[in-house]
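Okay, here's what each chain looks like letter by letter:
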Amino acid sequence: MNMFRRLLGGQAERRQESRVQAEAGACVMVVDDSSTIRAVLAKLLIQDGYAVLPVESGEQALELARSERPALIFLDIVLPGMNGFMVLRTLRHDERTRDIPIVMISGNAQATEQFYVQRFGADDFMKKPFGRAEVFDRIRRLVESGRMVARQESVSAAAVSSMSEEEMAAIPDVAMPDPEDVGGVDGGMRDEAPRV
């Protein structure tokens, strides 16, 4: 019985601990060709006080990263046209975007393996499916390493979202990969990763 009390008490203490967060209202770009992944990540980020810029292609991501200068980019590896590795490489070679923290995401087994073998200059990686804890753990790491500015005050989700409460409630809290993203060696890598 004491073990259960300690376990439950530990969970309550963890919930009460202040979480390390990035600056309130910081713009986070979410680049994924899956509307579901974009919606789930947007919901999680908006609920935590971030502004979200959803993008569905690598080319659009490059254009908006240069003009909007987001505080963070979540970048899918498998994208139509220009894949995430190519986008990452281009962002890292551009003076205007080279310092933006980038977290790569993928549910594709081959893309995941390539990322871990070559790293390509990303700050972190997140495998699909993912939930709230994984998303905010990546942000916490970036804040603690000094790559993102720490939050000083809290902000409500309503302050940064144009979505209604009903629209937010309709979006799930866990992002599952699209079926074409979970393949193996031939599982959907649309472009070869660039040689770095």
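Preceding block: the structure.
Residues numbered from 1 in each chain as written. Predicted model: local features only at pLDDT ≥ 70, side-chain atom pairs only at ≥ 80, totals over all residues. Heavy atoms only, no water.

Undergrad: Would you mind going over the packing of aromatic side chains with me for this structure?
TA: In this description, a pair of aromatic rings is defined by centroid distance and the angle of the planes. Applying the stated rule across the entire model yields 0 aromatic pairs. The lysine or arginine in question, Arg151, covers the ring of Tyr50, its NZ or CZ lying 4.8 Å from the ring centre. (Phe/Tyr/Trp six-rings, centres within 6.5 Å; stacked < 30°, edge-to-face > 60°. Lys NZ or Arg CZ within 6 Å of the ring centre and 35° of its normal.)

Undergrad: Got a minute to help me understand the sheet that holds strand S2 (residues 51-55) in this structure?
TA: Sheet strands pair via backbone hydrogen bonds, and the direction of the pair is either parallel or antiparallel. If you trace the 5 strands from one edge of the open sheet to the other, you get S2-S1-S3-S4-S5, paired in parallel fashion. Two strands bound the open sheet, and with one partner strand each, they are S2 and strand S5 (124-127). Across this sheet, the average inter-strand angle for adjacent strands is 20°, counted without regard to direction. Strand direction decides the pairing type here: strand S4 (residues 102-106) and S5, joined by 4 bridges, are parallel. Each bridged residue has a counterpart across the sheet, and for Ile105 the counterpart in S5 is Met126. Packed on one face of the sheet, helix H4 (residues 84-92) meets strand S3 (72-76) and S4 and runs near 175° to S4. The strands touched by helix H6 (residues 132-144) are S3, S4 and S5; relative to S5, the strand with the most contacts, the crossing angle is about 175°. (Pairing = 2+ DSSP bridges. Helix = DSSP H or I, 4+ residues; strand = E, 2+ residues; numbered from the N terminus. Axes fitted to C-alpha atoms, helices over the stretch in contact; angles between N-to-C directions. Contact = heavy atoms within 4.5 Å.)

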